Amino acid sequence: MENNYEIVDFDDFADIYIINTCTVTNMSDKKSRQIIRRAKHKNKNAILVVVGCYAQIAKEKLEKIKEIDMVLGNNEKGNIVECVENYSKMLITDVMNQKEFVEFGSTTYTDKTRAVIKVQDGCDRFCSYCVIPYARGRVRSRKIKNVVEEISCIAKNGIKEVVITGIHIASFGKDFKDGTSLIDLLEEINKIEGIERIRLGSIEPTIITKEFLERLTKLEKICDHFHLSLQSGCDETLKRMNRKYTTLEFENIVNLLRNAYPEVALTTDIIVGFPGETEEEFNKTYEFLSKIKFMKMHIFKYSKRDGTKAALMENQIDGNIKEERSNMLIELSDKNEKEFMEKYIGKNTKVLFEQSNKDYTEGHTKNYILVKVPKNSDLENQIENVKVLKLNELALEGEIN
Ligand code: SF4
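Not measured: the values here are computed from a predicted model. (Residues numbered from 1 in each chain as written. Predicted model: local features only at pLDDT ≥ 70, side-chain atom pairs only at ≥ 80, totals over all residues. Heavy atoms only, no water.)

**Student:** Pulling in residues and values, what's your account of the overall build of the protein?
**Tutor:** Helix and strand counts for the protein stand at 12 helices and 18 strands. Its C-alpha radius of gyration of 22 Å places the protein within 12% of the 21 Å reference for a compact globule of 401 residues. Within the protein, buried positions represent 50% of all 401 residues. Nonlocal contacts in the protein, meaning residues at least 24 apart in sequence, comprise 69% of its contacts between residues at least 6 apart. Looking at the protein as shown, the accessible area adds up to about 20100 Å², and 49% of this sits on carbon and sulfur atoms. Each charge sign in the protein was given a centre, from 62 positive and 65 negative side chains, and these centres are 2 Å apart. (Helix = DSSP H or I, 4+ residues; strand = E, 2+ residues; numbered from the N terminus. Rg over C-alpha atoms; globule rule 2.2 N^0.38 Å. Buried < 20%, exposed > 50% of the residue type's maximum accessible area, 1.4 Å probe, protein only. Contact = heavy atoms within 4.5 Å. Areas by Shrake-Rupley, 256 points an atom, 1.4 Å probe, with all protein chains shown as cover. Lys, Arg positive; Asp, Glu negative; His and termini not counted. Charge placed at Lys NZ, Arg CZ, Asp CG, Glu CD.)

**Student:** How would you summarise the site of the ligand if you had to cite specific residues and measurements?
**Tutor:** Surrounding the ligand, one finds Cys 123, Arg 125, Phe 126, Cys 127, Tyr 129, Cys 130, Ile 132, Pro 133, Ile 167, His 168 and Arg 243. Looking at the shell around the ligand residue by residue, the class counts come to eight nonpolar, one polar and two charged. (Near = heavy atom within 4 Å. Nonpolar A, V, L, I, M, F, W, Y, C, P; charged D, E, K, R; others polar.)

**Student:** Describe in detail the packing of helix H11 (residues 279-292) against helix H12 (residues 319-342), supporting the description with residues and values.
**Tutor:** At a minimum axis separation of 11 Å, H11 and H12 run at an interaxial angle of 5°. In terms of axis orientation, H11 runs roughly parallel to H12. Together, Glu 279, Phe 282, Tyr 286, Leu 289 and Ser 290 of H11 and Arg 325, Met 328, Leu 329, Leu 332 and Asn 336 of H12 make up the contact between the two elements. Class assignment for the residues of the contact of H11 with H12 results in six nonpolar, two polar and two charged. (Axes fitted to C-alpha atoms, helices over the stretch in contact; angles between N-to-C directions. Parallel < 35°, antiparallel > 145°, perpendicular 65-115°, else oblique.)

**Student:** Report on helix H1 (residues 26-42), specifying residues and quantitative values.
**Tutor:** Each turn of an α-helix holds 3.6 residues, which means side chains three or four residues apart point in the same direction. Helix length check: H1 (17 residues) gives 25 Å between terminal C-alpha atoms against 24 Å at 1.5 Å per residue, within 8%. Packing partners of the buried residues in H1 comprise strand S1 (16-21), strand S2 (47-52), helix H2 (53-57) and helix H3 (59-63). (Expected span 1.5 Å × (residues − 1).)

**Student:** Explain unusual backbone geometry to me, and be specific about the residues and the numbers.
**Tutor:** Positive phi is not limited to glycine here, since Lys 293 has a value of about 55°. Within the chain, Tyr 368 stands out as a residue other than glycine whose phi angle is a positive 70°. Locating Tyr 368 in the fold gives a position in the loop between strand S15 (360-365) and strand S16 (370-374). A residue is classified by how much of its surface remains accessible, and Tyr 368, at 32% relative accessible area, is partly exposed.

**Student:** Explain the pairing of S2 residue by residue, including any values.
**Tutor:** Of all six residues making up S2, five are buried, and the element is well covered by its neighbours. Summarising the sheet, S1 and S2 pair through six bridges and their orientation is parallel. Paired with Asn 20 across the bridge in S2 is Val 51. Crossover handedness for the path S1 to H1 to S2: right-handed. Pairing between S2 and strand S3 (residues 70-72): two bridges, direction parallel. Counterpart to Val 50 in the pairing with S3 is Val 71. (Pairing = 2+ DSSP bridges. Right-handed = clockwise from strand over helix to strand, strands pointing away.)

**Student:** Before we move on, could you go through the side chain of Asp 269 and cite the residues and values that matter?
**Tutor:** Residue placement: Asp 269 occurs in strand S12 (residues 265-272). For the buried Asp 269, no salt bridge exists, and the shortest N-O distance to an oppositely charged side chain is 7.6 Å, to Arg 243. Among the polar contacts listed, one links the side chain of Asp 269 to the side chain of His 227, at a separation of 3.0 Å. Excluding its chain neighbours within four sequence positions, the residues that come into contact with Asp 269 are His 227, Leu 228, Ser 229, Leu 230, Gln 231, His 298 and Phe 300. (Salt bridge = Lys/Arg side-chain N within 4 Å of Asp/Glu carboxyl O. Polar contact = N/O pair within 3.5 Å; in protein donor to acceptor, adjacent residues only side chain to side chain.)

**Student:** Quick one: what's the story with the sheet that holds strand S11 (residues 225-227), residue by residue and with numbers?
**Tutor:** If you trace the three strands from one edge of the open sheet to the other, you get S11-S12-S13, paired in parallel fashion. Across the chains shown, the open sheet's two edge strands, defined by having one partner strand only, are S11 and strand S13 (296-301). Neighbour-to-neighbour, the strand axes of this sheet turn through a mean angle of 15°, independent of strand direction. Two strands pair when backbone bridges link them, and S12 and S13 are joined in this way by six bridges, in the parallel orientation. Paired with Val 272 across the bridge in S13 is Lys 301. On top of the sheet, H12 reaches S12 and S13; it is set at about 170° to S13, its chief contact.

**Student:** How would you sum up the sheet that holds S15? Please name residues and give values.
**Tutor:** With mixed pairing, the five strands of this closed barrel are ordered in space as S14-S15-S16-S18-S17. Neighbour-to-neighbour, the strand axes of this sheet turn through a mean angle of 55°, independent of strand direction. Sheet topology note: the S16/strand S18 (residues 395-400) ladder contains two bridges and is parallel. By the bridge assignment, Val 371 is partnered in S18 with Leu 396. Packing against the sheet, H12 makes contact with S16, strand S17 (383-392) and S18, and its axis sits at approximately 125° to S17.

Shown next, in the form of structure tokens:
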């Protein structure tokens, strides 16, 4: 209970429903609208508050949904209690003019073991398919001191792993205009007592340079798991996407990481069916991905976002073709993932155990492979050595060694 409010499960009866929306794809918009309607059915007298990115960019559409009582933009997220109590029907400030990171009091989502720490907001990249810069505004970084204070506090509560996230964490520090960058922040986090692992959220590949890695590899808590958003393995497509690297540069970055971290797990996002993606272009992507062999790929079918350059491009791709290309890449990803994990059978690996279910206690390796051992709740929130015995449905199974 805080400020006289108690948080209940979304499916429970509540007096206020807060729907934090996403707008990254058309599907996210649709889901947000469905959830809005669902919430009002639970309690027709409830106050229904819609916040987040979809609220930020689609206020005219949301105004027409009669179930909604309040629409709040991204900057107002941290003041929901005040907004509800003062009943401001529509409060959306212009994020494009926001110059500083807005502290939410606490920006973390935590479970017993791992906390997600937001260190940055906004993006200046304007990829041609992406609506995020319009919903989130320009790059704003959180002060290093504030991040360190928050992580030190949660470390005292027993959290062992932090995941560093933001909209574009590679841009961390850019807005300070004093040369501060992400590596400066990571060096400070690495010093925090009690934190055993630092995992990076999705990261722009071009931040990985020899100089960056020279400093990064000195930080023993950094997890050898990097999510590098590639989006396409074809240079022509990348250009139309307004991504700022070529496949050759990307491959060099992968090689740098593989040399620095021998067991590194590389994951990525790929968009299929981007406007103008010919069969030849898709084949180039397929070949490139077969060569790079990511541990796992998240495949997205291109979704048109109003207000972006790509939405106006000619040669939008048919849904069936997107489906077919997506299936091919999912198959490739599953194959690579299985091969990557099989290499661990018979070996020892360190696992941070997170939770137990009916039969197993499970956790992740430093490079983010799911590992299960026979149930033993005492293992939770401990790092233990596991001998891997087999692979079972994309999880390793083993015993404590
Ligand atoms: S870098 Fe990411 S958030 Fe920024 S515009 Fe590109 S896809 Fe969107």
